[in-house]
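What follows is the residue order along each chain.
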Amino acid sequence: MAIPTVEPERYAEQLAEKQAYVEKTFAAFTTPTLEVYPSPPSHYRQRCEFRIWHEDDDLFYAMFEVDPDNPKSKRVVRLDQFPVASEHINALMPRLREAFLASDELRRRLFQVEFLTTLSGEALVTLIYHRPLSDTWEAEARALEEALGIMIIGRSRKQRLVLTRDHVWERLTVDGRELVYQQVENSFTQPNAHICQTMLSWAREATAGRQDEDLVELYCGNGNFTIALAENFRRVLATEISRTSVASANVNLEANGVTNAQVARMSAEEFALALKGEKTGRRVTEMALDAYEFSTVLVDPPRAGLDAESCHQISEYAQIVYISCNPATLAENLTILTKTHYIERFALFDQFPFTEHCECGVLLTRKNSG
């Protein structure tokens, strides 16, 4: 892994390079003009993790860079600040390190530190140890919580000590409306909150005018898109396999007053079988699939993209919103999807500046649908 070098003065240049890469990757398709959405050039990640490197009486935050000529060789890189991370994380880094250096109880066999922060000012810090955590550790960690105005979780083998709570509340402003999200420690959330707001606004605009129709969402996570899009549709049925994410999604639906959405714990593959009538059981019965009239499907799959069968399944919907974190697998999927649909909108969201990572959003509409 290469550690990003943040150079704000070069931001426009690196974004132009990404735009050129995406346009070249999808040159074989008939696409509209690429919509490009920039990120803040620095301090854009609300969560990150660091190893703690011990050297004699010193310790510091560290990441590892792999030698491109020798993939088995890793170089330890000391990080006193990390411009990729939020300003809140950067403010906490030296203060936490000072606390570790001043306390044998807090520093002893400390292995890793994980930060989860929000635009609304909350910070949850997970301290991971290679030793059991004692009452003494808990007392010192609680004092540190109070001193720094943060929340702390302690982890070690078979131990998880939540001192205040295991989540933060993020507040995103989307089209002038504040949306609140419970984000649980050690579960997936969008790391770039600024770009997340942009993505949600884009998806809302792309699906406007469908209040008499229903949306089905695959890989819904903690309800990130579900909550933002619910008012665009009559009803929403969202599916997710992670138990933690489903629990958060249901909390988030209630927190935002969303009453027309349901989250089912089910994989995309299981859901496809349920739609065909080839899967039954309590969870399928509770979904009451016959009550829906799905016009639109939203997919936000992992880097591997969708398999061919899933592509054929979502091709049955009039409108597809595809959020992709991997242009290569998106291009593979579009070779199937563009047989039945045309690309109406195409967007590049610069989720991770100064890396090769490209997040894309595609709106596909069925051919001859009108």
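Since the structure is predicted, the reported quantities are computational estimates derived from the model, not experimental observations.

### As for empty space enclosed by the protein
In this structure the tally under the stated criterion is three cavities of 30 Å³ or more. The computed volume of the largest cavity comes to approximately 100 Å³. Looking at the largest cavity, it is lined by 13 residues, and the ones nearest its centre are Leu172, Gln183, Thr189, Gln190 and Cys196. Among the secondary structure elements, those contributing two or more residues to the lining of the largest cavity are strand 5 (110-117), strand 9 (167-174), strand 10 (177-184) and helix 5 (193-206). Across the lining of the largest cavity, the residue classes tally to five nonpolar, seven polar and one charged.

### Points about the pairing of strand 9
The pairing of strand 9 with strand 10 spans eight bridges and is classified as antiparallel. Among the inter-strand pairings, Thr173 is bridged to a residue of strand 10, identified as Glu178. If you look at the hairpin formed by strand 9 and strand 10, you'll find two residues sitting between the two strands, and Asp175 has a positive phi there, around 55°.

### Observations regarding the sheet that holds strand 3 (residues 58-67)
Each strand in a sheet pairs with another by means of backbone hydrogen bonds, the pair being arranged parallel or else antiparallel. Spatially, 4-3-2-5-6-7-8 is the arrangement adopted by the seven strands of the open sheet, whose pairing is mixed. With partners counted over all chains shown, the strands left at the sheet margins are strand 4 (70-78) and strand 8 (159-162), one partner each. Across the sheet, the axes of successive neighbouring strands diverge by a mean angle of 30°, strand direction being ignored. Lying over the sheet, helix 2 (residues 87-102) contacts strand 2 (47-55), strand 3, strand 4, strand 5 and strand 6 (123-129), oriented at roughly 125° with respect to strand 3. Strand contacts of helix 4 (residues 135-148): strand 6, strand 7 (151-156) and strand 8, with the helix running at about 150° to strand 7, the strand carrying the most contacts.

### Some words on the pairing of strand 11 (residues 210-218)
One ladder, built from six bridges, connects strand 11 with strand 12 (residues 233-240); its direction is parallel. The partner of Leu218 across the bridge, within strand 12, is Thr239. Following the backbone out of strand 11, through helix 6 (residues 224-229) and into the adjacent parallel strand 12, one traces a crossover that is right-handed. In this structure, strand 11 lies alongside strand 14 (residues 294-299), joined through five bridges in parallel fashion. Within the sheet, the bridge partner assigned to Leu215 lies in strand 14 and is Thr296.

### A few points about the layout of surface pockets
Its boundaries defined by the atoms lining it, the second largest pocket holds a volume of some 150 Å³. Surrounding the second largest pocket, Arg10, Gln14, Glu17, Lys18, Tyr21, Phe354, Thr355, Glu356 and Cys358 form its lining.

### A word on the packing of aromatic side chains
The tally for this structure, following the rule as stated, stands at 13 aromatic pairs. With a centroid separation of 6.1 Å and 65° between ring planes, the pair formed by Tyr11 and Phe354 is classed as edge-to-face. Of this pair, Tyr11 sits in helix 1 (residues 11-25) while Phe354 sits in the loop between strand 16 (341-349) and strand 17 (359-366), and the two are 343 residues apart along the sequence. Pairwise contacts between aromatic rings join Phe50, Tyr61, Phe82 and Phe115 into one cluster. Here Arg235 stacks its cationic end above the ring of Tyr292, 4.1 Å away from the centre of that ring.

### Topic: the environment of Val174
Considering the arrangement of structural elements, one finds Val174 in strand 9. For the pair Val174 and Val362, spaced 188 residues apart in the sequence, the C-alpha separation amounts to 19 Å. When near neighbours in sequence (up to four residues on either side) are disregarded, Val174 contacts Leu179, Gln197, Leu200, Ser201 and Arg204.

### Some thoughts on unusual backbone geometry
At Lys158, a residue that is not glycine, the phi angle is positive and equals roughly 65°. Residue class for Lys158 comes out exposed when judged on its relative accessible area of 78%. Despite not being glycine, Phe354 shows a phi value in the positive range, around 65°.

### What to know about the UniProt feature "binding site: S-adenosyl-L-methionine" (unreviewed entry) in the protein chain
Those residues carrying the UniProt feature "binding site: S-adenosyl-L-methionine" (unreviewed entry) are Gln190, Tyr219, Asn224, Glu240 and Asp300 in this numbering. Cross-referencing the annotated residues with the lining of the largest cavity gives Gln190 and Asn224. Here Gln190 shows up in the loop between strand 10 and helix 5. When sequence neighbours within four positions are dropped, the list of residues in contact with Gln190 reads Cys196, Met199, Asn224, Asp300 and Gln351. Mapped onto the secondary structure, Asn224 falls in helix 6. Accessibility expressed as a relative area gives 9% for Asn224, which makes it buried. With near-sequence residues (within four places) excluded, Asn224 lies in contact with Leu172, Tyr181, Gln190, Cys196 and Leu200.

Thresholds applied
- Residues numbered from 1 in each chain as written.
- Predicted model: local features only at pLDDT ≥ 70, side-chain atom pairs only at ≥ 80, totals over all residues.
- Heavy atoms only, no water.
- 1 Å grid on protein atoms, 1.4 Å probe; cavity = no way out; pocket = protein on both sides within 12 Å on 5 of 7 lines; lining within 4 Å.
- Points joined across faces, edges and corners; volume = space filled by probe spheres on them.
- Helix = DSSP H or I, 4+ residues; strand = E, 2+ residues; numbered from the N terminus.
- Nonpolar A, V, L, I, M, F, W, Y, C, P; charged D, E, K, R; others polar.
- Pairing = 2+ DSSP bridges.
- Axes fitted to C-alpha atoms, helices over the stretch in contact; angles between N-to-C directions.
- Contact = heavy atoms within 4.5 Å.
- Right-handed = clockwise from strand over helix to strand, strands pointing away.
- Phe/Tyr/Trp six-rings, centres within 6.5 Å; stacked < 30°, edge-to-face > 60°.
- Lys NZ or Arg CZ within 6 Å of the ring centre and 35° of its normal.
- Buried < 20%, exposed > 50% of the residue type's maximum accessible area, 1.4 Å probe, protein only.
- UniProt positions renumbered as here; feature names shortened; annotations may be inferred.

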